[in-house]
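Residue-level structural notes
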Amino acid sequence: MRQIITHFTDDDLYKFTMCCAVIENYPRTQVKYKFIDRNDTVYPRGFAVELLRQIKFLENVVITDEEISFMRHKCPYIPDWFYSFLKGFRYDSRWVSVSQDAEGHLEVGFEGNWSNTILLEVKVLAIISELYYMFTGLDKALDYSAYYGKSESKARRMIEGGCIFSDFGTRRRASYKAQETCIRAMKDCNDRIAGSGRFIGTSNVWFAMKYDLTPVGTMAHEFICAIAGMYGPQMANYIAMQTWAETYRGALGTFLFDTYGWKIFSLNFSEDYANMFKGLRVDSGDNFKELNLIVSKYKSLKIDPRTKQIVFSNGLDVDKAIEIQNYAHGKCLPSFGIGTHFTNDFSGIKPMNIVIKLVAVKITESWPFYCETCKLSEDIGKYTGNPQTVKRFMEAIHFNE
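Only a predicted model underlies this, so the values are computations on that prediction, with no experimental measurement involved. (Residues numbered from 1 in each chain as written. Predicted model: local features only at pLDDT ≥ 70, side-chain atom pairs only at ≥ 80, totals over all residues. Heavy atoms only, no water.)

1. Some details on the environment of aspartate 283
Cut-off, in case you're wondering: Strands here are runs of E lasting at least two residues and helices are runs of H or I lasting at least four, both read from the DSSP assignment and numbered beginning at the N terminus. Remark: exposure states derive from per-residue accessible area (1.4 Å probe, protein chains only) relative to the maximum for the residue type, with buried under 20%, exposed over 50%, and partly exposed in between. Contact criterion: two residues are considered in contact whenever any of their non-hydrogen atoms come within 4.5 Å of each other. The term polar contact refers here to a pair of N or O atoms within 3.5 Å; inside protein, the definition further demands a hydrogen-donor-capable atom paired with an acceptor-capable atom, and it admits residues adjacent in sequence only when both atoms are side-chain atoms.
As for its position among the elements, aspartate 283 is in the loop between strand 8 (279-282) and helix 14 (287-300). Look at aspartate 283 and you get buried, because its relative accessible area is 12%. Each C-alpha atom, one on aspartate 283 and one on aspartate 379, is 9.4 Å from the other, the two residues being 96 residues apart in sequence. Sequence-distant contacts of aspartate 283, that is, excluding residues within four places in its chain, are made with His221, Leu256, Asp258, Ser313, Asn314 and Lys382. Polar contacts involving the side chain of aspartate 283 include one to the side chain of arginine 281, which spans 3.5 Å.

2. Some remarks on the pairing of strand 5 (residues 198-202)
The cut-off we apply is this: In short, DSSP must find at least two bridges between two strands for them to pair. For a crossover, the right-handed case is the one in which the path from the first strand over the helix to the second runs clockwise, viewed with the strands pointing away from the viewer.
When strand 4 (residues 164-167) meets strand 5, the two strands line up parallel, connected through four bridges. Directly across from serine 166, in strand 5, lies its bridge partner glycine 201. As defined by bridge partners, strand 5 adjoins strand 6 (residues 214-215) across two bridges and the pair is classed as parallel. Counted as the bridge partner of threonine 202 is proline 215 from strand 6. Handedness of the crossover joining strand 5 and strand 6 through helix 9 (residues 205-210): right-handed.

3. Details of helix 11 (residues 236-248)
Note the threshold: Helices are assigned an expected span. That span is 1.5 Å times one less than the residue count.
For helix 11, which comprises 13 residues, the first-to-last C-alpha distance of 18 Å matches the rise-based estimate of 18 Å (1.5 Å per residue) to within 8%. When helix 11 is considered as a whole, its buried residues turn out to be Ala236, Asn237, Ala240, Met241, Thr243, Trp244, Ala245, Thr247 and Tyr248. The elements touched by buried residues of helix 11 are helix 1 (13-25), helix 10 (221-231), strand 7 (254-256), helix 12 (262-268) and helix 13 (271-276). A positive backbone phi angle near 50° is found at arginine 249, which sits one or two residues after helix 11.

4. Regarding the sheet that holds strand 3 (residues 106-113)
Backbone-to-backbone hydrogen bonds join strands into a sheet, with any given pair of strands oriented parallel or antiparallel. The test is simple: For every element, the axis is a line fit to its C-alpha atoms; helices are fit only across the contacting stretch, and the angle between N-to-C directions ranges from 0 to 180 degrees.
Pairing in this open sheet of five strands is antiparallel, and the strands run 2-3-1-11-12 from one edge to the other. On the outer flanks of this sheet lie strand 2 (96-100) and strand 12 (371-372), each paired with one strand and no other. The pairing of strand 2 with strand 3 spans five bridges and is classified as antiparallel. Across the sheet, the residue bridging to valine 96 is phenylalanine 110, located in strand 3. Helix-sheet contacts for helix 10 involve strand 1 (30-37), strand 11 (354-362) and strand 12, and the interaxial angle to strand 11 is about 25°.

5. Let's talk about the packing of aromatic side chains
Worth spelling out the cut-off: Aromatic contacts are taken between Phe, Tyr and Trp rings whose centres are within 6.5 Å, Trp giving its six-membered ring; a plane angle under 30 degrees counts as stacked, one over 60 as edge-to-face, and the others as tilted. Working rule: Lys NZ or Arg CZ, within 6 Å of ring centre, within 35 degrees of ring normal, means a charge sits over the ring.
Evaluated as defined, the whole model comprises 38 aromatic pairs. Aromatic side chains tyrosine 33 and phenylalanine 110 sit 5.5 Å apart centroid to centroid with 55° between the ring planes, which places their arrangement in the tilted category. Of the two residues, tyrosine 33 is situated in strand 1 and phenylalanine 110 in strand 3; the sequence distance between them amounts to 77 residues. A connected cluster of aromatic rings, assembled from ring pairs, spans Phe8, Phe16, Trp81, Phe82, Tyr83, Phe85, Phe89, Tyr91 and Trp95. The ring of phenylalanine 8 carries the charged tip of lysine 123 above its face, separated from the ring centre by 5.0 Å.

6. Describing empty space enclosed by the protein
Our working rule: Whether a set of points on the 1 Å grid over the protein atoms alone is a cavity depends on a 1.4 Å probe fitting there but being unable to get out, while an open set qualifies as a pocket with protein on both sides within 12 Å along at least five of seven lines; lining residues are those with an atom within 4 Å of a point. Grid points are joined across faces, edges and corners, and a volume is the space filled by probe spheres set on the points.
Enumeration over the complete set of coordinates arrives at one cavity of 30 Å³ or more. Looking at the largest cavity, its volume works out to about 40 Å³. Lining the largest cavity are Trp244, Ala245, Gly250, Ala251, Leu252, Gly253, Met276 and Phe277.

7. Remarks on the sheet that holds strand 6
Taken together, the seven strands give an open sheet; going across it, the order is 6-5-4-10-9-8-7, and neighbouring strands pair in parallel fashion. Both edges of this open sheet fall to strand 6 and strand 7, since each of them pairs with a single strand only. Bridge count between strand 7 and strand 8: three bridges; the pairing is parallel. Within the sheet, the bridge partner assigned to leucine 256 lies in strand 8 and is arginine 281. Across the sheet, helix 8 (residues 176-192) lies against strand 4 and strand 5, angled at about 145° from strand 5, the strand it touches most.

8. Regarding the nonpolar core
The condition is simple: Buried Ala, Val, Leu, Ile, Met, Phe, Trp, Tyr and Cys residues that are joined via side-chain atoms within 4.5 Å together make up what is termed a nonpolar core.
Counting residues in each nonpolar core, the largest one holds 139 residues, and the members touching the most others are Trp114 and Tyr260. Residue contacts for tryptophan 114: discarding those within four places in its chain leaves Val22, Tyr26, Thr29, Gln30, Val31, Tyr33, Glu222, Phe223, Ala226, Met230 and Leu358.

9. Describing a negative patch on the surface
Inclusion rule: Like-charged residues are merged into a patch within 9 Å and nonpolar side chains (Val, Leu, Ile, Met, Phe, Trp, Tyr) within 5 Å, provided each residue has over 30% relative accessible area and no salt bridge. Using a 1.4 Å probe, the Shrake-Rupley method yields the accessible areas, and only the shown protein chains count as cover for residues. Whenever Lys or Arg places a side-chain nitrogen within 4 Å of a carboxyl oxygen from Asp or Glu, that contact is recorded as a salt bridge. For the purpose of charge, His is not counted, nor are the chain termini; Lys and Arg are scored as positive and Asp and Glu as negative. By convention, the charge on Lys lies at NZ, on Arg at CZ, on Asp at CG and on Glu at CD.
On the surface, Asp40, Asp101, Glu103 and Glu107 cluster together into a negatively charged patch. Summarising the element assignment, glutamate 107 is placed in strand 3.

Here it is in structure tokens:
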């Protein structure tokens, strides 16, 4: 089969920004990641072998001068030394283990230095998603001409509905071409029509470069999860905010708060960081309830929530985004990051429900043991990690009280 990932920056911006922060603050930290298929998919025979071959192909994917020039121009908050690191970076398939059980279920794991393995997640998920449709023949049913029109219609509704929105769909896209079709349609629509909303960019750095867009994003749950594994969940959010602020000096100031739920984050969200960070991202729970909690917290700190950006990214579609926009207008500065609904919404095709999560960490390679970690969030279905670890973390932060 053809090589699926051929461009180094065919990846989400947050993987690069987190990688930079990891090198600067946790250069010797070792981690383990685990693949989770929430649909318990049975993969075709031979899938694991081909997946490992596709991961081996990544060893020949290197960053180009054009990609570095683009990132320097569009991402001035990233320090220049990081591009020297990227120029010398090479993927190594030995960081990855892949297997398939007798029933066809897939097992994937990463282990190694955090600053290396952090750049695998999005690419491997995108490979798994596209490869599944190739293996099953479903890729032949992907009508890209119709998808352009469907994506343009979504963009038009969002723009006319006043939504500020971006594409977050690399990880579970139906294919590279599906994401490109979506982005091209939405950019074309944004350039043609006037409205109070707008399409502001994509999390995918390669497509941002190809279509002269802004790459968007800041961090993922894994940053807080790793810190919690090293130092405990009680102050993980605070340490993450402190580390992020010191690395980027106020840039990239949208914090993902739900890793261990609202309650412990709220206790960590002191006035200095509430003022410093330009906003928060809602990625689980009831969007309206979470917004009301955020608004109340800002008000309690004597901060006007109407000056703060709230990014909604919790499994959204166009209808949900417009509903939230109408509710949030005048309460905050709402914006939307939409993933699977943008890049994997073909008739008759069921999107994959797959993630790769950081599950264990040790501060340096000299430690003889790993410490397990987990992610909770505001949705039980999004909890990830060993059940005993989840229970221990919930007890540590009094999660259910």
